[in-house]
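# Architecture at a glance
Take a look at the letters that make up each chain.
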Amino acid sequence: MEYLPDKNSSYKDVAYWDDRYKTEQHYDWLGSFSNFQHLLEKILKKEDSILILGCGNSSLSGDMYSAGYHAITNIDYSSVCISTMSARYSSCPGMTWHQMDVSQLSFADASFDVILEKATLDAIMVEEKSPWEVSPETSSFIHQALSEISRCLKPGGRFVSITFAQPFFRKRLYARSVYNWSVRHDSYGEGFEYFVYVMTKGEELSPEDAALEQKLLEEPKSQPASSPTPQDEENNDFLCNINL
């Protein structure tokens, strides 16, 4: 892959993305809209106001717009990305682009029916060495981002997270009563299985997820004896290596 960084930590560096977006025209992590459109159509309505986090240079927003979803707000922390994508889709009324940090959303409370991310949170967790225990720094950032997402969702709104992270690990982050949402998931893909998590604001956690939250609050933090070494993490692309 032409844009593969020298080390995984570069995925968290805005300078890496700015430089990449200066020449890369398009890339879709975890497949294009057509791969999971059948799942999103069960969740989204054409009139929904939609926020896409970490939009990158993906065709997702454009493909969704073509499918009839016309109220789409896109954010990314790369100014190069936002400038390029804004110009590319300048002929799409209702589509807006903003440079913004996912942990500091500048939108009013209850602004969106749907907030969607595809591999954005995966990239944030790229340096984690074990799926069993997220570092305090990353855990704090993810909690802040999820809190902001919940704040910006309308009652009954849905947060859609598309990721390669298996439920056993990702539910540990999402299934928390403080976010005031329920959690369910589906999957897609052949060969590689990807997951679509749907968090609905205002719904209670299922008994199973509530029990998971309580268990995580009570149990001491631990992880398996065997986990990837720092060298293993740095020498492989994070999409092929992380189970978070």
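All of these numbers come straight from a predicted model, not from anything done at the bench. (Residues numbered from 1 in each chain as written. Predicted model: local features only at pLDDT ≥ 70, side-chain atom pairs only at ≥ 80, totals over all residues. Heavy atoms only, no water.)

### Considerations on the overall build of the chain
Helix and strand counts for the chain stand at nine helices and seven strands. Within the chain, the proportion of its 244 residues that are buried is 50%. A separation threshold of at least 6 residues defines the contact pool for the chain, and within that pool the share at least 24 residues apart is 70%. Carbon and sulfur atoms make up 49% of the accessible area of the chain, which totals about 11700 Å². (Helix = DSSP H or I, 4+ residues; strand = E, 2+ residues; numbered from the N terminus. Buried < 20%, exposed > 50% of the residue type's maximum accessible area, 1.4 Å probe, protein only. Contact = heavy atoms within 4.5 Å. Areas by Shrake-Rupley, 256 points an atom, 1.4 Å probe, with all protein chains shown as cover.)

### Side note on the pattern of salt bridges
Per the counting criterion, the structure on display carries seven salt bridges. Here Arg170 makes a salt bridge to Asp122, at a shortest N to O gap of 2.8 Å. One end of the pair, Arg170, is in helix H7 (residues 167-174); the other, Asp122, is in helix H5 (residues 120-124), and 48 residues separate them in sequence. The partner of Glu148 in a salt bridge is Arg151, and the shortest N-O contact between them spans 2.9 Å. With Glu148 and Arg151 both in helix H6 (residues 136-152) and three residues apart, the pair spans about one turn of that helix. (Salt bridge = Lys/Arg side-chain N within 4 Å of Asp/Glu carboxyl O.)

### Structural notes on unusual backbone geometry
Within the chain, Ala110 stands out as a residue other than glycine whose phi angle is a positive 55 degrees. Judged by its relative accessible area of 34%, Ala110 is partly exposed.

### Let's talk about the side chain of Thr138
Positionally, Thr138 belongs in helix H6. Its relative accessible area of 4% is what places Thr138 among the buried residues. Engagement of the side chain of Thr138 in a polar contact is seen with the side chain of Ser135, the distance being 3.1 Å. (Polar contact = N/O pair within 3.5 Å; in protein donor to acceptor, adjacent residues only side chain to side chain.)

### Observations concerning the sheet that holds strand S2 (residues 72-76)
Spatially, the seven strands line up as an open sheet ordered S3-S2-S1-S4-S5-S7-S6, and their pairing is mixed. One side of each edge strand has no neighbouring strand; the edge strands of this open sheet are strand S3 (95-99) and strand S6 (181-188). Each strand axis lies, on average, 20 degrees off the axis of its neighbour in the sheet, ignoring direction. Looking at chain direction, S6 and strand S7 (residues 194-201) are connected through eight bridges and run antiparallel. The residue of S7 that forms the bridge with Tyr188 is Tyr194. Set on the sheet, helix H4 (residues 79-88) makes contact with S2 and S3; between it and S3 the angle comes to about 165 degrees. (Pairing = 2+ DSSP bridges. Axes fitted to C-alpha atoms, helices over the stretch in contact; angles between N-to-C directions.)

### Focus: the packing of aromatic side chains
The geometry of two aromatic rings is summed up by the distance between their centres and the angle between their planes. Going through the model one piece at a time under the given rule, you end up with 11 aromatic pairs. Centre to centre, the rings of Phe107 and Phe112 are 5.0 Å apart; their planes meet at 90 degrees, and the pair counts as edge-to-face. By relative accessible area, which is 16% here, Phe107 ends up buried. By relative accessible area, which is 6% here, Phe112 ends up buried. (Phe/Tyr/Trp six-rings, centres within 6.5 Å; stacked < 30°, edge-to-face > 60°.)

### With respect to the pairing of S7
Looking along a regular strand, one sees the side chains alternate between the two faces of the sheet. Within S7, eight of the eight residues are buried, which leaves it mostly tucked inside the rest of the structure. Bridge count between strand S5 (residues 153-163) and S7: six bridges; the pairing is antiparallel. Of the residues in S7, the one forming a bridge with Arg158 is Thr200. Between the end of S6 and the start of S7, which pair antiparallel, lie five residues, with Gly189 showing a positive phi angle near 110 degrees.

Any functional reading would require information beyond the geometric quantities listed.
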